[in-house]
Amino acid sequence: MEDVASSDPYAPEHEEALGGPKHQQQQSRTTTIPSTLNLPNGVVQEKPKTDTDYPSDIDEEVASRTASPTTTDFSSSSSSSSSSDNNTTEESDNASITTSSSSQANTAVSQDTTSCPPSPITSKSSSPLTSKSYPLPPPSTPLTTILPTDLKTPDHLIPRDPRLIRLTGTHPFNVEPPLSTLFEHGFLTPQNLHYVRNHGAVPASVVSGPSPAAAAAAGGRAEAEEDLLLDWEFTVEGLVENPLKISVRELMSEEQWENVTYPVTLVCAGNRRKEQNMVRKSKGFSWGAAGLSTALWTGVSLADILARAKPLTKRGAKYVCFEGADQLPNGVYGTSVKLAWAMDPHKGIMVAHKMNGEELHPDHGRPVRVVVPGQIGGRSVKWLKRIVVTRGPSENWYHVFDNRVLPATVGPEESGEKTREMEGVWRDERYAIYDLNVNSVVCEPGHGEVVSLRGREEGGAYKLRGYAYAGGGRRVTRLEVTLDQGKSWRLAEIEYPEDRYREAQDGEELFGGRLDVSWRESCFCWCFWDLAIPLSEVREAKDLCIRAMDESLALQPKEMYWSVLGMMNNPWYRVVIHHEGDTLRFEHPTQPTLNSGGWMERVKKEGGNLANGFWGEKIPGAEEAVVEKEAVREICMVDDKVTRLITLEELREHEGEEEPWFVVNGQVYDGTPFLEGHPGGAASITGAAGQDVTDEFLAIHSENAKAMMPTYHIGTLTPSALAALKSSSTSDPTLSNPNRPIFLQSKTWNSATLTSKDSISPDTKIFHFTLSHPAQSIGLPVGQHLMMRLPDPSKPTESIIRAYTPISDGTSERGTLRVLVKIYYASPEEDIKGGQMTQALDALPLGKAVEFKGPVGKFVYQGQGVCSVNGRERKVKRFVMICAGSGVTPIYQVLRAVAGDDQDGTECLVLDGNRVEGDILLRRELDKMVEGARPEGRCQALASRSTFWTLWSLVPSTTHIHPTGPESVNITIGTMRAALRLLATATGTVRPSARFLKPGSPTGLTGLGTHPSPRSALLYLYNHTLDKLKQIPEHSLYRQSAEALTKHRLAIVEQYVPEGYEAWQERARKLLEKHKGDLTARQFDGQHARLAEGPDGRVYFIRQMETPRDWRDVEWDGAVLDPHFSWVQTGEDSVGTVSLEDNEKLKKLYENKDSDPAAYREGLREIGIKLGGVVEEKSPVEWESEPPLSAEQIAEMEARIGSGLIEEVVQVAEGELKLVDVMAKARPWEALEEEAPEGQWTYFERKE
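Think of each chain on its own: its residues are numbered from 1, step by step along the sequence as written. Side-chain atom pairs in this predicted model are given and counted only at pLDDT of 80 or more, local residue features only at pLDDT of at least 70, and totals for whole chains, interfaces and linings cover all residues. Excluded from the side-chain calculation are hydrogens and water; included are all heavy atoms of the structure.

- Looking at an unreviewed UniProt entry, one finds the chain named Nitrate reductase [NADPH] and attributed to Neurospora tetraspora.
- UniProt positions are given in the numbering used here, feature names are shortened, and annotations may be inferred rather than shown by experiment. In the Sequence similarities (unreviewed entry) part of its UniProt record, the chain is described as follows: "Belongs to the nitrate reductase family."

**Some words on helix 24 (residues 888-899)**
So, point 1. Taking 1.5 Å per residue, twelve residues should reach 16 Å; helix 24 reaches 16 Å between its end C-alpha atoms and fits that length.
So, point 2. Judged by how many residues are buried, helix 24 sits mostly within the fold: nine of twelve residues are covered.
So, point 3. The rule is simple: take the accessible area with a 1.4 Å probe, protein chains only, and divide by the maximum for that residue type; under 20% is buried, over 50% is exposed, in between is partly exposed. What counts as a helix is a DSSP run of H or I of at least four residues, what counts as a strand is a run of E of at least two, and both are numbered from the N terminus. Those residues of helix 24 not exposed but buried are Val 888, Thr 889, Ile 891, Tyr 892, Gln 893, Val 894, Leu 895, Val 898 and Ala 899. Here the expected span of a helix is defined as 1.5 Å times the quantity of residues minus one.

**Topic: the packing of aromatic side chains**
So, point 1. Between the rings of Phe, Tyr and Trp (Trp by its six-membered ring), a pair exists once the centres lie within 6.5 Å; its type follows the angle of the planes, with under 30 degrees stacked, over 60 edge-to-face, and the other angles tilted. This model, assessed by the stated rule, comprises 23 aromatic pairs.
So, point 2. Judged by centre distance (6.2 Å) and plane angle (50 degrees), the rings of Tyr 262 and Phe 524 are tilted. Separated by 262 residues along the polypeptide, Tyr 262 in strand 8 (residues 259-267) and Phe 524 in the loop between strand 23 (513-515) and strand 24 (527-534) bring together distant segments of the chain.
So, point 3. Ring geometry for Tyr 861 against Phe 879: centres 5.4 Å apart, planes inclined by 80 degrees, an arrangement best described as edge-to-face.

**Points about the sheet that holds strand 26 (residues 573-580)**
So, point 1. The sheet built from six strands is open, its strands ordered 17-27-26-25-19-20 with antiparallel pairing. The open sheet has two free edges, formed respectively by strand 17 (450-452) and strand 20 (490-491), since each of these has just one partner strand.
So, point 2. Bridge analysis of strand 19 (residues 476-482) against strand 25 (residues 543-550) gives six bridges, and the strand direction is antiparallel. Its bridge partner lying in strand 25, Glu 480 is registered against Arg 547. Here, a strand pair is defined by DSSP locating no fewer than two bridges between the strands.

**Considering the side chain of Asp 516**
So, point 1. Mapped onto the fold, Asp 516 is located in the loop between strand 23 and strand 24.
So, point 2. Apart from residues no more than four positions distant in its own chain, Asp 516 is found in contact with Val 260, Thr 261 and Tyr 262. The contact rule is simple, with two residues in contact once any of their heavy atoms fall within 4.5 Å.

**Concerning the environment of Glu 241**
So, point 1. Summarising the element assignment, Glu 241 is placed in the loop between strand 6 (233-238) and strand 7 (244-247).
So, point 2. The sequence separation of Glu 241 and Ala 309 amounts to 68 residues, and the corresponding C-alpha distance is 6.1 Å.
So, point 3. Beyond its immediate sequence surroundings of up to four residues, Glu 241 is in contact with Ala 309, Lys 310 and Leu 312.

**Digging into the sheet that holds strand 31 (residues 713-717)**
So, point 1. Judged by pairing direction, the sheet is mixed, and its four strands sit side by side in the order 28-31-30-29 without closing on themselves. Edge positions in the sheet fall to strand 28 (645-646) and strand 29 (661-664), since each has one partner strand and no second.
So, point 2. With three bridges connecting them, strand 30 (residues 667-670) and strand 31 associate as antiparallel partners. Within strand 31, the residue paired with Val 668 across the bridge is Gly 715.

**Quick word on the environment of Ser 247**
So, point 1. Note on placement: Ser 247 falls in strand 7.
So, point 2. C-alpha of Ser 247 to C-alpha of Thr 235: the two residues are twelve residues apart in sequence and 8.8 Å apart in space.
So, point 3. Among residues more than four places away in sequence, those in contact with Ser 247 are Leu 230, Asp 231, Trp 232 and Glu 233.

**Regarding unusual backbone geometry**
So, point 1. Omega for the peptide link from Glu 444 to Pro 445 comes to 10 degrees, which places this bond in the cis form.
So, point 2. Along the chain, Pro 445 falls in the loop between strand 16 (439-444) and strand 17.
So, point 3. The peptide bond linking Arg 934 to Pro 935 adopts the cis configuration, its omega dihedral lying at 0 degrees.
So, point 4. Mapping Pro 935 onto the fold places it in the loop between helix 25 (923-932) and strand 43 (939-945).
So, point 5. Phi angles above zero are rare outside glycine, and Arg 272 is one such case at about 70 degrees.
So, point 6. By the secondary structure assignment, Arg 272 is in the loop between strand 8 and helix 10 (273-279).
So, point 7. You will see that Leu 553, though not glycine, has its phi angle at about 70 degrees, which is positive.
So, point 8. Locating Leu 553 in the fold gives a position in the loop between strand 25 and strand 26.

So this is what it looks like as structure tokens:
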């Protein structure tokens, strides 16, 4: 926002340079590149002059712009900052484009596209632009890096922009850009910043690429990938006269289909859902206000496709269904629209294959998708495979049970009911969402923006800006702003960039499609609004609200319409203005996903009622109504058809383990059918047999468990029987005798006295209880739990019951019971109530009695590898147990039993994951158990803190990074390698005591094998990086930071030298001098390899590991590859075995290689293609591989570098080396030709 009265270049008079609505009607088109660019918020920015004009071919022009990634050099000078900022916006969507071209320009484009080849489906040229001007896409950032977040997901092959905000965690990929970033990019959104809604994984068929055999047959991987995309097919079927099968290649063919291009804004139905979730949690995740994006789409009109298929309307065809290729839990994603809409050219529905002139990104439907303008994004099906014409709407699960606005009377619980009535509600097409509703958002001022009032002139003004959209092709006709909560309104100016495409001449083409906008009156895109508000009025206002209206007079409501799916949220957009001294701070309603911030969250924490019609604030002059909590719905636990009365005698007959009956609220239930299915094991039911267990059942069971009870209801206990049962909890009084040898009893509660509490962490304590007599044992088998009961401090007549696993030895300890408990403390500031049981136990005074009952649980370890699960005995060789925090206690029991018995040959591995090191509980005890286990290495425990793992084992070592005792060995290991390698030991493939890591063995990260020589690789990469950095000026902060980091890591790597390295290096040097020609020309040991000299003067042997392959599924005819040759697999689909016929060819080729070298080379190439690899003549030289670093050395190196696995460090080093070239080419350290105005960057300067 700017002061309109000042001479600021951001003022309104400058704003109309290209984009203002008034100037838009008068502007004449130019044929040269303008020196200024106008952003959608009115900012005029200087555009650096270039030596060449844009070429006339738009596709080549876009390929050229996207070939160079956007890079920034964060140097200290303001001119460098300006340069960086200008680089990211110099191709503004509002830039005029020249029609001139030259051989020089085309040459430049050719060079750019060599370094970053155009997509196989976007390389075709289109007609040159005419003299009409309209927005063109901003440059997309080439995405080449897989984000670490995606590496362990099904989408691990898809590069993505890290700026996108993830709304559903790591996977699936549902994202929106930051609102400010979206708005700054203007009318058209770069493909890499476009919002994404994925219900699951991207189909593997669109990201995995061609097989090596297909690549070889096509003449290369790029050609094969092009074929893969172009041969993608979708069908048109159902109620049509002419079923069709159309490939992308055919769809793009000018001879077969007319392609069209026009802009469309796609909007997720959940846009602004976070606001609904603040009022009441819906069933959807929290979208912010940036769940929309605009792009130029190129494809074929669906009306043209259907016209050729000829729908059979006389046979009742009324709907068009779309299905994608994504495999989801409820089938493929699918939906439908009405046939009349699909056939109407004014609706503009298309089957698209390009987005902003580029091939579709995998997240956006590569290679072909449906685009439905004016409707919610959920109707635009990606990865299109089927178009089906039907009589009724789609029966697809995602069409029926998603994208609906159900009546407000339907809550989350009701919506999940499996009743005929509720299914009828879901299937009611009246509740299905098609057209978007009218909506608007304030983008400037941004959330948290602070504006100083110092030095502002009285006549100054602030400019508000934002976006608006409507649905169904309707135009937004007004945008109103109020500073007094709706008492008065003022109109904002609206700009419609979409209208500039209507000025294009007939037949004009863009990105290979005819610009299909001029004749159509429908509006498919968002628009921008702005309004200058006098500063004096902004200073007096407590908030500002906006609302939009479309041409049907549909108006944004003041109140929110809450619905269970949280869709189509469009109440007034309200921004709160905080007056803080001589500054104003602006606060938006919410921030996306779990990000904190926004006035709605603040008001809710303060106890305000967000549904009171006044945004949760107290209504002036009115008593604030108390917010009534929803009444807790009682769940029926009885079968109304059951009328049987049961006596106490009948109940006593079923207090054994065969047919256990129990009582809850006077009703009798038969637990026999659920003995095997109970999560707590059969003991949980048999322990309740013949008893009234009302308190414990209601205290520990979920609503779902209670809802299951009618199935097991068999009758009602007679009143006399119920009274007798309550007075005597068991038919065997000897079980409650305090002098009994065993403390725990499954059918009675028995007391123990709290004698001490020992704190072992800030929130964890060990509670010590004294049993009935010193000789009494606990009676708890290994692996089982006990129930603990306390009176509820807030409700003295009720009890709190929870299950715990004590750390006492349940079979050998006498007279005492030790229970480890994590205390969940309340935090009123964060609205956290805390744990009811743990806080009550923590507050319990010493000397008080606590009741126990048990044992319960379905697992028991009997020793010597024998365990029972639900009473069924099993024999195991190895335990792999995973836990965290206080969940270590049952694991602790089993580990103690296994490690403490030298005759027990069972192996044991414990993985203990925690947020911080202080959360690792019983650490010394675990260490001692592992250390005492015999033979060495039989038992191991791995505990994590943050992103690192600590391994306890008996591997001989002299290094103690975190020593815990003189006899223990404690080695810190980078990230997940140790954990995954230890898991590999559970399969017997890797021994825990191995000194060296096996090259190519799994590291635990998908597709990443153990590096054969990481030390040499890093030395080579780091030295080359330092050498290349010399071409960048020393004053560049990029060079300074890159040099410092590279030198730091280089120094670490050089400290680790393999055993025998110097002797090996001398032998290698002599071998190189003697056989340099052979060593540089061929491969060694069946591996791709080469020798390279580094800038440090050292010679490096660089090799690529062979891709592992399971050969058990390959047929073999007895042939063995001729010993003169070696073969390297180049893909997973390699054949890998040579036939007898091919082997004979190899022998003949070898015999005649000197007489016919050309035939020799061609013969090897043909056989290599057939095998799916490379066949080459072996080197006559036996190359000795570099001595490897030990596992301990690599572990230490990883810990000191602190960037994950050493293999990941190598990958990063490779990327850093490439980045130097990119930075050297971009030269972002150079100053702008026109310096930034004084004070422009003051706001961003670091405050002392």
